[in-house]
Amino acid sequence: MDVDLATLGWDASWADVFRPHEGAGLEPARVAIEYNHIYRLVSARGELKAEHAGRLRHQAQGRHELAAVGDWVAVRVPAVPHAHATIEAILPRRSKFSRKVAGALTEEQVVAANIDVVFLVMGLDRDYNPRRLERYLLLARDSGARPVVILSKADLRADLDAVLDEIRALAPGVPVHATSATARLGLEAIVSALPAGRTGALLGSSGAGKSTLINAIAGRDLQQTREVRAKDSRGRHTTRHRQLISLPHGGLIIDTPGMRELQLWDVGGAVQDAFDDIDGLAIHCHFTDCRHAGEPRCAVKAAVDAGELAPERHQSYLKLHEELEALEARKDVRARIDSRRQGRTMAKALKELYRVRDHERR
């Protein structure tokens, strides 16, 4: 089955980036699904199963330098039928949504790559958590893609207008849409953001309704869904793998498993964008290096005391800054460890080289 790569988001810019790989007999393909170390790709030939070249795995400094769903890759297609193709190179990403991997390991995990729009999905049942949404917004703003907030299960809330006002105040400048798959409310907001060839990613906790939204947009059951637990509205991880899906109207969307844990990675200046209300107050603090954590004559704390700034938002701001500082400290420790390892490896290689040279001279 031949596939038009333009339907997968391929354009003249990608063709220019890929040109150096053409002479090596490689072909472009896009990562559709990742199963640990095995990938399902879509190329002009149709679907392919693929693995990384050993060289690529060896040279990667971490999992983030290997292929992720949404990546464009250069592959070598084998002549033997049904054999796995080989991913020889990953084209430079235009955007990526990353988080720190779950657990204690200090490493980046690329959740979705080369996305144009990040849909941050939050259910209006017990999944509703504005503080968690702040974290998603931080990572989305730093991804290089356009963030859009999707409030799913809107048919469950009688106070929908008040909820929309709360979230719009929390995410200034970010489109916020109320949707309901069962009532078919607001689905056009997702469809209109994904014209042919453009890619979106649905991100949110398990049970937020991501797969249900995809099925409603597609008009058929593309993704398996299950009822959330009644006692806490938590999902049951029906989506096991990140997957790139072609929608009937021509857009593409990446469905992702629900995230139980969303740890920040390198959000850079996104904190200032997400908390511009606090930054606006901070210019009136007495001390230029005020951390807004109890220093005297702090304008941010004064705004909290006066009821002009929600205490929960102030605490969220402080918590995020503490987390980022701890993350940077862990990165520094890891960088020093990696530097020592590289130094030992280089010293060992040089020692072996000198030994071989001495042996040859004899």
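Residues numbered from 1 in each chain as written. Predicted model: local features only at pLDDT ≥ 70, side-chain atom pairs only at ≥ 80, totals over all residues. Heavy atoms only, no water.

## Focus: the overall build of the protein chain
Alright, step 1. Check the secondary structure of the protein chain and you find ten helices and 13 strands.
Alright, step 2. Of the contacts formed within the protein chain by residues at least 6 apart in sequence, a portion of 68% connects residues at least 24 apart.
Alright, step 3. A total accessible area of about 18600 Å² is found for the protein chain, and carbon and sulfur atoms account for 51% of it. (Helix = DSSP H or I, 4+ residues; strand = E, 2+ residues; numbered from the N terminus. Contact = heavy atoms within 4.5 Å. Areas by Shrake-Rupley, 256 points an atom, 1.4 Å probe, with all protein chains shown as cover.)

## Let's talk about the pattern of salt bridges
Alright, step 1. Using the criterion set out here, one finds 16 salt bridges in the structure.
Alright, step 2. Salt-bridge contacts for glutamate 88 lead to arginine 55; the nearest nitrogen and oxygen are separated by 3.3 Å. Taken together, the residues span a long stretch of sequence, with glutamate 88 in strand β5 (residues 85-90) and arginine 55 in helix α2 (residues 54-59) at a distance of 33 residues.
Alright, step 3. Linking aspartate 277 and arginine 313 is a salt bridge whose minimum nitrogen-to-oxygen distance equals 2.8 Å. One end of the pair, aspartate 277, is in helix α8 (residues 276-282); the other, arginine 313, is in helix α10 (residues 311-361), with 36 residues separating them in the sequence.
Alright, step 4. According to the relative accessible area criterion, aspartate 277 is partly exposed, its value standing at 32%. (Salt bridge = Lys/Arg side-chain N within 4 Å of Asp/Glu carboxyl O. Buried < 20%, exposed > 50% of the residue type's maximum accessible area, 1.4 Å probe, protein only.)

## Regarding the pairing of strand β12 (residues 243-246)
As a general feature of sheets, a regular strand has side chains that alternate between the two faces.
Alright, step 1. The sheet contact formed by β12 and strand β13 (residues 252-255) spans four bridges and is antiparallel. What sits directly across from isoleucine 245, in β13, is isoleucine 253.
Alright, step 2. Between β12 and β13, which follow one another and run antiparallel, lie five residues, and glycine 250 among them has a positive phi close to 110 degrees. (Pairing = 2+ DSSP bridges.)

## Describing the packing of aromatic side chains
Alright, step 1. Applying the stated criterion across every chain, the model contains four aromatic pairs.
Alright, step 2. Ring geometry for tryptophan 14 versus tryptophan 72: centroids 6.3 Å apart, planes at 45 degrees, classification tilted. In this pair, tryptophan 14 sits in helix α1 (residues 12-22) while tryptophan 72 sits in strand β4 (residues 72-76), placing the two residues 58 residues apart along the sequence. When sorted by exposure, tryptophan 14 lands in the same class as tryptophan 72, which is buried.
Alright, step 3. Seen from their ring centres, phenylalanine 275 and tyrosine 317 are 5.3 Å apart, and the 70 degrees between their planes marks the pair as edge-to-face. In this pair, phenylalanine 275 is assigned in the loop between α7 (270-274) and α8 and tyrosine 317 in helix α10, connecting sequence segments 42 residues apart.
Alright, step 4. Owing to a relative accessible area of 1%, phenylalanine 275 belongs among the buried residues under this scheme.
Alright, step 5. Linked through ring pairs, Trp10, Trp14, Phe18 and Trp72 together constitute an aromatic cluster.
Alright, step 6. Cation over ring: arginine 157 sits above tyrosine 128, and NZ or CZ is 5.2 Å from the ring centre. (Phe/Tyr/Trp six-rings, centres within 6.5 Å; stacked < 30°, edge-to-face > 60°. Lys NZ or Arg CZ within 6 Å of the ring centre and 35° of its normal.)

## Regarding the side chain of serine 95
Alright, step 1. Tracing the backbone shows serine 95 in the loop between β5 and β6 (96-100).
Alright, step 2. Residue classification places serine 95 among the buried residues on the basis of a relative accessible area of 5%.
Alright, step 3. Of the polar contacts made by the side chain of serine 95, one reaches the backbone oxygen of isoleucine 115; its length is 2.7 Å.
Alright, step 4. Setting aside residues no more than four positions away along its own chain, serine 95 makes contact with Ala112, Ala113, Asn114, Ile115, Ser143, Gly144 and Ala145. (Polar contact = N/O pair within 3.5 Å; in protein donor to acceptor, adjacent residues only side chain to side chain.)

## What to know about empty space enclosed by the protein
Alright, step 1. Evaluated as defined, the whole model comprises one cavity of 30 Å³ or more.
Alright, step 2. The space that makes up the largest cavity amounts to roughly 50 Å³.
Alright, step 3. Looking at the largest cavity, the residues that line it are Leu120, Val121, Met122, Arg132, Leu133, Tyr136, Leu203 and Gly204.
Alright, step 4. Those elements that provide at least two residues to the lining of the largest cavity are β8 (117-123), α3 (130-141) and β11 (199-204). (1 Å grid on protein atoms, 1.4 Å probe; cavity = no way out; pocket = protein on both sides within 12 Å on 5 of 7 lines; lining within 4 Å. Points joined across faces, edges and corners; volume = space filled by probe spheres on them.)

## Thoughts on the nonpolar core
Alright, step 1. Core analysis: the largest hydrophobic core is formed by 62 residues, its most contacted members being Leu41, Ile87, Phe97, Leu133, Leu151 and Ile167.
Alright, step 2. Once residues lying within four places of it in the same chain are set aside, the contact partners of leucine 151 are Met122, Leu124, Val163, Leu164, Ile167, Val176, His177, Ala178 and Thr179. (Core = buried A, V, L, I, M, F, W, Y, C linked by side-chain atoms within 4.5 Å.)

## Topic: the packing of α3 against helix α4 (residues 160-170)
Alright, step 1. For the pair α3 and α4, the least separation of the axes is 11 Å and the interaxial angle reads 40 degrees. One finds that α3 runs oblique with respect to α4. Two packed elements cross with a definite hand, and for α3 against α4 that hand is right-handed. Residue-level inspection shows Pro130, Arg131, Leu133, Glu134 and Leu137 of α3 in contact with α4, the latter providing Glu166, Ile167 and Leu170. (Axes fitted to C-alpha atoms, helices over the stretch in contact; angles between N-to-C directions. Parallel < 35°, antiparallel > 145°, perpendicular 65-115°, else oblique. Left-handed = near helix turned anticlockwise from the far one by under 90°.)

## A word on unusual backbone geometry
Alright, step 1. Phi at asparagine 114 is positive, roughly 55 degrees, even though this residue is not glycine.
Alright, step 2. Along the chain, the position of asparagine 114 falls in the loop between β7 (108-113) and β8.
Alright, step 3. Notably, arginine 184 is not glycine yet its phi reads approximately 55 degrees, a positive angle.
Alright, step 4. Within the secondary structure layout, arginine 184 lies in the loop between β10 (176-178) and α5 (187-192).
Alright, step 5. Residue class for arginine 184 comes out exposed when judged on its relative accessible area of 53%.

## A look at helix α6 (residues 210-218)
Alright, step 1. Taken across its nine residues, α6 has eight buried, putting it largely inside the fold.
Alright, step 2. Taken together, the buried positions of α6 are Lys210, Ser211, Leu213, Ile214, Asn215, Ala216, Ile217 and Ala218.
Alright, step 3. Turning to α6, the residues buried within the fold contact β8, β9 (146-152), α5, β11, β12 and β13.
Alright, step 4. With its phi angle positive at about 80 degrees, glycine 219 sits one or two positions after the end of α6.

## Comments concerning the state of the cysteines
Alright, step 1. If you walk through the whole model with that rule in mind, you get zero disulfides.
Alright, step 2. In this structure cysteine 290 is not part of a disulfide, and its nearest cysteine sulfur, from cysteine 298, lies 3.7 Å away.
Alright, step 3. Owing to a relative accessible area of 11%, cysteine 290 belongs among the buried residues under this scheme. (Disulfide = S-S within 2.5 Å.)

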